[in-house]
Amino acid sequence: MSLAERLARPEILALPPVDIAGAPLAGTIRLDANENPFGSLVAGQPAINRYPDPQPTELRRRLADLHGVAPGSLWVTRGSDDAIDLLVRAFCRAVEDSVALVEPTFAAYAQFARIQGAGVVAARLTDDLAFDADAVLATVAPARPKLLFLCTPNNPTGTPVDPADVRRIAAALPDTIVVADEAYGEFSDAPSLAAEAGLIANLVVLRTLSKAYGLAGARIGCAVADPSIIELLARVSPPYPLPGPSIAAALGALSPERMPIHAERVARILADRGRLAERLGEAAQVKRLRAGGNFLFLEVDDPDDLSRRLAAAAIRVRFRPKAAPGGVRITIGTEAENAALLAVFGLGEEARPARRAEIVRDTNETRIALAIDLDRAEPRRISSGIPFYDHMLDQVAAHGGFSLVLACQGDLATDSHHSVEDIAIVLGQGLKTALGDKAGIGRFGFALPMDETRAEVLIDLSGRPFAKFEGGFATASVGDLPTEMVPHIFRSLADSLGAAIHVRVDGDNDHHKVEGCFKAFGRALRGAIALDGSGERSLPSTKGVL
Ligand code: PMP
């Protein structure tokens, strides 16, 4: 008898196993589900006249890949809230069974337990809001709960639970399913326990796309566990729990070329969290502060006063007086939002508008994601699918002095043309968006020698696209980049950036010539995008508009 069978509610075990049939083969005449045969009248969503796949195969596989487990060990849920609910419904009988948790923590664990009529056994973090595994075991073990929820890092206190403690607790409570809720796992240094969830029979790990992947509105999460537990979750799931547009959104967000942007956003949120923690630590009203996940947990002197000031600034945060006296949980926002928050604490700072852009562009030929930050030199992570082009784009960013994260999934099996061109278009759009109103920038050019080669690029961020390329190449390609695409790249850039770009190159060696063009372009851009340092945001144009 599996652990799942031993612990499950008898009524659930008595239900017939669920047949997860999967989507029908293309071309199948579907007269089985009483759907409307006509495509929906919603723009962009013609196929939602059909019920979605109950457990979408591709998304299940993608999430399993992401968490390093087999698809059979993972159940896709409607947010991880739904996974909590399914677990409680599969294992807890009303009155007789209980759920354990470590307060203060995420309210949904107790909420779903109460809805089910199950008891709640509450251990507590220490007075310092630290996790003490022995204290938790001492409180929880005698109650023999069906489920123990360990939230790591913990909402709202940010407290991490050491994975070794989770393993030790799971070993000490063989008749309890230990649920490690890693909703904020991407924001934590601790390694995920997901890959161990299939190996430790009574361990379940919850993950979500709501936080690090920016899909709170799509409601997609998952539970990772031994297949015998997954089979029980299938039995308590409604027939079609996941809306089709949400499945599509999740697959879109998890597409490989989007992943570097997610990583970059997490890194930025963590950096901002550090900066905010440092600043708020100086505020007189803040008695204690903890950072975890994508949030801060503050204990303040006078929460009513803070509440009034936040309301006046139209800022919403979560007050958590039961978690700690004066407890407030604050999510890390955008730079402007964080600056508004600091101002409420009397920590105003002159926020220069960020010169940043994120662009995603999908066509039938390429899928491209780009993040650019003109005021930071790092990171530079470029994956165009064309190694020599990666090298050239890296030259542009390195010599341009800006951060560039770019990934492309293109139809390289056809030809590199679409990827090369579309990346140039997206780079130009990214630069243009990041430049914003262009206030305070220069407008320059650059010439450089590279051994026998001389490359010169003149650039004017005038808003008027114009491209001129003087020079030619003797060979058809350099590395895997066709040389005929080089003038075309500058043309695409000029069009999407809204710039005049003049390139002149001569020399004997095509590698030097191509590289010289990109380096000189980077250097020319560096001068063109640099703020003049005076702090004045004037436009370098007598027209007053660029
Ligand atoms: N677990 C924790 C610890 C959370 O904080 C949240 C949301 N605030 C969730 C789970 C649920 O997230 P979702 O349902 O959006 O996946």
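Every value quoted in this text rests on a predicted model; they were computed, and no experiment measured them. (Residues numbered from 1 in each chain as written. Predicted model: local features only at pLDDT ≥ 70, side-chain atom pairs only at ≥ 80, totals over all residues. Heavy atoms only, no water.)

Colleague: Even after reading the chapter, I still don't get the site of the ligand, so can you show me in this structure?
Modeller: The immediate surroundings of the ligand are formed by 14 residues, with Ser80, Asp181, Thr208, Ser210 and Arg219 found nearest. Here a nitrogen atom of the ligand sits 2.6 Å away from a polar atom, N or O, in the side chain of Asp181. Tyr184 is positioned with one of its side-chain polar atoms (N or O) 2.8 Å from an oxygen atom of the ligand. Summarising the interface, the protein chains cover 92% of the accessible area of the ligand, which totals 390 Å² for the free molecule. Tallying contributions element by element places helix 4 (residues 79-91) first for the shell around the ligand, with three residues. (Near = heavy atom within 4 Å. Polar contact = N/O pair within 3.5 Å; in protein donor to acceptor, adjacent residues only side chain to side chain. Areas by Shrake-Rupley, 256 points an atom, 1.4 Å probe, with all protein chains shown as cover. Helix = DSSP H or I, 4+ residues; strand = E, 2+ residues; numbered from the N terminus.)

Colleague: Just to check I follow, could you spell out the packing of aromatic side chains for this structure?
Modeller: We describe a pair of aromatic rings using the distance from one ring centre to the other and the angle between the two ring planes. Under the definition given, this model contains nine aromatic pairs. Summarising the aromatic geometry, the rings of Tyr184 and Phe295 are spaced 5.1 Å apart at their centres and angled 80° between planes, so their arrangement reads as edge-to-face. Taken together, the residues Tyr184 in the loop between strand 5 (177-181) and helix 8 (194-197) and Phe295 in strand 9 (residues 295-300) connect sequence positions 111 residues apart. Phe295 gets classed as buried once you look at its relative accessible area, which sits at 2%. Judged by centre distance (5.4 Å) and plane angle (40°), the rings of Phe490 and Phe518 are tilted. A residue pair is termed long-range when its members are at least 10 positions apart, and Phe490 in helix 16 (residues 485-497) and Phe518 in helix 17 (residues 510-529) qualify at 28 residues. Phe518 shares its class with Phe490; the two are buried. Among the aromatic residues, those joined into a cluster by ring pairs are Tyr389, Phe469, Phe473, Phe490, Phe518 and Phe521. (Phe/Tyr/Trp six-rings, centres within 6.5 Å; stacked < 30°, edge-to-face > 60°. Buried < 20%, exposed > 50% of the residue type's maximum accessible area, 1.4 Å probe, protein only.)

Colleague: Would you mind showing me how to read the sheet that holds strand 15 (residues 403-410) here?
Modeller: Strand pairing in a sheet relies on backbone hydrogen bonds. The paired strands run either parallel or antiparallel. Strand order in the open sheet made by the four strands is 12-13-15-14, with mixed pairing throughout. The sheet terminates laterally at strand 12 (356-362) and strand 14 (380-383), the two strands that pair on one side only. Strand-to-strand twist of the sheet, defined as the mean angle between neighbouring strand axes without regard to direction, takes the value 5°. As paired elements, strand 12 and strand 13 (residues 366-373) share seven bridges and run antiparallel to each other. In the strand pairing of strand 13, Arg356 is matched with Asp373. (Pairing = 2+ DSSP bridges. Axes fitted to C-alpha atoms, helices over the stretch in contact; angles between N-to-C directions.)

Colleague: Looking at this model, I keep getting lost on the pattern of salt bridges. Mind explaining?
Modeller: One side chain can pair with another of opposite charge once the charged atoms of both are near each other. Within this structure, the stated rule accounts for 42 salt bridges. Here Asp97 ties to Lys146 by a salt bridge, and the two come within 3.0 Å at their closest N and O atoms. Separated by 49 residues along the polypeptide, Asp97 in the loop between helix 4 and strand 2 (98-103) and Lys146 in the loop between helix 6 (133-140) and strand 4 (147-151) bring together distant segments of the chain. Here Asp97 and Lys146 have matching classes, each one buried. As a salt-bridge pair, Arg258 and Asp362 come within 2.8 Å of each other at their nearest N and O atoms. Of this pair, Arg258 sits in the loop between helix 10 (244-253) and helix 11 (259-281) while Asp362 sits in strand 12, and the two are 104 residues apart along the sequence. (Salt bridge = Lys/Arg side-chain N within 4 Å of Asp/Glu carboxyl O.)

Colleague: Which parts of the structure should I look at to understand the domain arrangement of the protein?
Modeller: Note: interface size is frequently given as the accessible area lost on complex formation between the parts. Segmentation of the protein into domains returns domain 1 (3-254), domain 2 (261-344) and domain 3 (356-529). A straight line from the C-alpha centre of domain 1 to that of domain 3 covers 44 Å. (Domains from an automatic or database assignment.)

Colleague: In this structure, what is going on with the pairing of strand 5? I would like to understand it.
Modeller: For strand 5, a buried count of five out of five residues is recorded, marking the element as mostly surrounded by other parts of the structure. Two strands pair when backbone bridges link them, and strand 4 and strand 5 are joined in this way by five bridges, in the parallel orientation. In the sheet register, Phe149 faces strand 5, and the bridge partner there is Val179. The sheet contact formed by strand 5 and strand 6 (residues 203-208) spans four bridges and is parallel.

Colleague: I keep staring at unusual backbone geometry and nothing clicks. Help me out?
Modeller: The phi torsion of most residues other than glycine is negative, and most of the peptide bonds are trans. Cis geometry is found at the peptide bond from Thr152 to Pro153, where omega equals -10°. In this fold, Pro153 is placed in the loop between strand 4 and helix 7 (163-172). Backbone torsion omega between Glu378 and Pro379 reads -5°, so that peptide bond is classified as cis. Although it is not a glycine, Leu129 sits at a positive phi angle of roughly 60°. By relative accessible area, which is 5% here, Leu129 ends up buried. Within the chain, Arg144 stands out as a residue other than glycine whose phi angle is a positive 45°. As for its placement among the helices and strands, Arg144 is situated in the loop between helix 6 and strand 4.

Colleague: Hey, could you run me through helix 11 in this one?
Modeller: For the α-helix, the turn length of 3.6 residues means that residues three or four positions removed from each other point alike. If you check helix 11, its first and last C-alpha atoms are 33 Å apart, about what 23 residues at 1.5 Å a residue would give, namely 33 Å. Residues of helix 11 that are buried include every one of Met259, Ile261, His262, Glu264, Val266, Asp272, Arg273, Leu276, Ala277 and Leu280, and no others. (Expected span 1.5 Å × (residues − 1).)

Colleague: So what exactly am I meant to see when it comes to the pairing of strand 2 here?
Modeller: Regular strands have side chains that alternate between both faces of the sheet. With five of its six residues buried, strand 2 lies for the most part within the structure. In terms of strand pairing, strand 2 meets strand 3 (residues 119-124) through six bridges, oriented parallel. Each bridged residue has a counterpart across the sheet, and for Glu103 the counterpart in strand 3 is Arg124. Tracing the backbone out of strand 2, into helix 5 (residues 108-115) and back to the parallel element strand 3 gives a crossover that is right-handed. Inspection of the sheet shows strand 2 paired to strand 4 by three bridges, in the parallel sense. Within the sheet, the bridge partner assigned to Ala100 lies in strand 4 and is Leu148. (Right-handed = clockwise from strand over helix to strand, strands pointing away.)

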